[in-house]
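Per-entry structural report
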Amino acid sequence: MKREPSRDGVDDEVARMLRTFEGPEHPAPRKARRTWRRGAIVIVAIVAVAGTLIVGTVVATDGEGGRPAAVAGSSTCGSLSFAGRRYHAVAVGRIAPGRRLGAGTLACGSTHAQVAVADVPGVAANIAVALPRDAGHVYVAGPTCSAATRASLLACLLAASATP
Amino acid sequence: MSESDELTSVAQRAIEGDSEALDRLLAELGPQLVRTVRLVVGSGSPVAEDAAQEAVIDVIRGIGRLRDARAVRAWAIRVATARAIKVARRERLRSLLFPLADAEEFVAAGADARLGDLKRAFDSLPPRMRAVAILRLHGGLSERETAAVLRCSVGAVKSQLHDARKRLAGALTAEGLAPSTSHVAEHASGP
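Residues numbered from 1 in each chain as written. Chains lettered and ligands numbered in written order. Predicted model: local features only at pLDDT ≥ 70, side-chain atom pairs only at ≥ 80, totals over all residues. Heavy atoms only, no water.

Attention now moves to the overall build of chain B. Tallying secondary structure elements over chain B gives nine helices and zero strands in all. Ordering the α and β elements of chain B from the N terminus gives α-α-α-α-α-α-α-α-α. Here chain B holds 191 residues, and 45% of them are scored as buried. Across chain B, every contact between residues at least 6 apart in sequence was considered, and the portion connecting residues at least 24 apart equals 66%. (Helix = DSSP H or I, 4+ residues; strand = E, 2+ residues; numbered from the N terminus. Buried < 20%, exposed > 50% of the residue type's maximum accessible area, 1.4 Å probe, protein only. Contact = heavy atoms within 4.5 Å.)

Our next topic: helix α1 (residues 7-21) of chain A. Residues and elements named next belong to chain A. With 15 residues, α1 extends 21 Å from end C-alpha to end C-alpha; this agrees with the ideal 21 Å at 1.5 Å per step. Residues of α1 that are buried: G9, V10, D11, E13, V14, A15, M17, L18 and F21. Phi for G23, located one or two positions after α1, is positive at around 80 degrees. (Expected span 1.5 Å × (residues − 1).)

Next up on the list: a nonpolar patch on the surface. Residues and elements named next belong to chain B. Together, L93, L96 and L97 make up an exposed nonpolar region whose accessible area comes to about 350 Å². One can find L93 in helix α4 (residues 72-97). Taking relative accessible area as the criterion, L93 reaches 52% and is therefore assigned exposed. (Patch = residues over 30% accessible without salt bridge, like charges linked within 9 Å, V, L, I, M, F, W, Y side chains within 5 Å. Areas by Shrake-Rupley, 256 points an atom, 1.4 Å probe, with all protein chains shown as cover. Salt bridge = Lys/Arg side-chain N within 4 Å of Asp/Glu carboxyl O.)

Neighbouring strands of a sheet are bound in pairs by backbone hydrogen bonds; such pairs are parallel or else antiparallel. Residues and elements named next belong to chain A. Ordered in space as β1-β2-β6-β5-β4-β3, the six strands form a closed barrel in which the pairing is antiparallel. Here the average twist between neighbouring strands, direction ignored, is 40 degrees. Judged from the eight bridges that link them, strand β3 (residues 100-108) and strand β4 (residues 111-119) form a sheet pairing that is antiparallel. Bridging from a neighbouring strand, A103 pairs with A116 of β4. Contacting β2 (85-91), β5 (128-131) and β6 (134-141), helix α4 (residues 153-162) crosses the sheet at an angle of about 40 degrees to β6. (Pairing = 2+ DSSP bridges. Axes fitted to C-alpha atoms, helices over the stretch in contact; angles between N-to-C directions.)

This part takes up the packing of helix α2 (residues 19-41) of chain B against helix α6 (residues 127-138) of chain B. All names here are of chain B. Following both chains from N to C, one finds α2 and α6 inclined at 140 degrees, their axes separated by 9 Å at the closest point. Here α6 runs oblique to α2, going by the angle between their axes. For the pair α2 and α6, the sense of crossing is right-handed. Taken together, the residues of α6 that come into contact with α2 (itself represented by R35, T36, L39, V40 and V41) are P127, R130, A131, I134, L135 and H138. Class assignment of the residues belonging to the contact of α2 with α6 gives a composition of seven nonpolar, two polar and two charged. (Parallel < 35°, antiparallel > 145°, perpendicular 65-115°, else oblique. Left-handed = near helix turned anticlockwise from the far one by under 90°. Nonpolar A, V, L, I, M, F, W, Y, C, P; charged D, E, K, R; others polar.)

For the rest of this paragraph, the subject is the confidence of the model for chain A. Regions with low pLDDT should not have their predicted coordinates read in detail. Residue and element names in this part refer to chain A. Summarising the model, chain A shows a mean pLDDT of 75, and 66% of its residues fall at 70 or more. Mean pLDDT across the elements of chain A bottoms out in helix α3 (residues 69-72) (43) and peaks in β5 (91). Low pLDDT (under 50) marks residues 56-76, which in the prediction has 43 contacts with non-local residues, meaning those over four places away or in another chain. (pLDDT = per-residue confidence, 0-100.)

With that settled, consider the packing of α1(A) against α6(B). Put simply, α1(A) and α6(B) touch, their axes get as near as 10 Å, and they point 95 degrees apart. In terms of axis orientation, α1(A) runs roughly perpendicular to α6(B). From α1(A), D11(A), V14(A), A15(A), L18(A) and R19(A) reach across to α6(B), where they touch A133(B), I134(B), L137(B) and H138(B). Here the residues of the contact of α1(A) with α6(B) are counted per class, giving six nonpolar, one polar and two charged.

We now examine the environment of D23(B). Mapped onto the elements, D23(B) comes out in helix α2. For D23(B) and A52(B), which are 29 residues apart along the polypeptide, the C-alpha to C-alpha distance reads 16 Å.

Another aspect to go through is the pairing of β3(A). All names here are of chain A. Of the strand pairs in this sheet, strand β1 (residues 79-82) and β3 are connected by three bridges, and their pairing is antiparallel. Paired with S79 across the strands is A107, a residue of β3. Linking β3 back to β4 in an antiparallel pair, the connection comprises two residues, with G109 at a positive phi of about 65 degrees.

A few words now on the state of the cysteines. Residues and elements named next belong to chain A. Counting across every chain of the model gives one disulfide over all chains. Here C145 engages in a disulfide with C156; their sulfurs sit 2.1 Å apart. The sign of the -95 degrees torsion about the S-S bond sets the C145-C156 disulfide as left-handed. Residue C145 is located in the loop between β6 and α4, and its partner C156 is located in helix α4; the two are separated by eleven residues in the primary sequence. Take C145: its relative accessible area is 13%, and that puts it in the buried class. On the basis of relative accessibility, which here comes to 26%, the residue C156 falls in the partly exposed class. (Disulfide = S-S within 2.5 Å.)

This is the structure:
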């Protein structure tokens, strides 16, 4: 006959399980997302097109449209720590930072500076943010949109934000 | 100065806009917030990690509106838990409409099959019920503190935890898994 665990027994097992699966102190770095079903991809594509029409952020090209923006924008002054995650700078033509989110730490070589961090209109902050003092870069978490060109970067970030 | 007074002092400076104080505050509270959100949303899923960071951002953006620095810990847990429940509910709906082709299976260091089974049963509980169990059994909050975080009555907290225990106990016995023998021995002695 199966014996039902006592209340304290269940509590102890649950507490032990929660401690085992609680994970590290900081959010894990962003990874590339898995593929989604066709319906979700269609919805994301529609939102991406609508997003680029609605959002009034200007992203200019300068003849480097064929190269991934991440390569074009590489910089030693480009590592940002914000809200427990690391972001790297990616060059864009020009970005208009949105609402202020708080302060982050920008690493330039061996020096670090506290900088104001703002959101990119329409883009989730855990995907990319902007610095009011640096209108030429967005700061992207993880490998999201790493293959996007400078011209398509914003659309890619918007689409990634729309992905559930 | 006691630890609690120290935290209140740091929180007060963060409320007033001191970014260094905010950093210290996040260093102190961040781990608990991140882990709570991760467990409510579902440890091992990338969505949980995003939600954990969003919760920290919620705290950063809202700290200036906190009126009582002494309540900073409870307030931060409330903000983070609200975010976690919102994301968890959305994920439950999303998983019905757009299931992943192959869901990521998370294996924590030190986990055995029984804990994995218990985790799966736990992750199938409604988000609010998970939050109650996590705040009480993992976060160490009292019934009253949990009720304040979730903005509900103490009775609702008791009821949710009771239901959670029943469901998880059912999962444990269905799998033929009794609790650790030390606990069984401790409770085996009758009146």
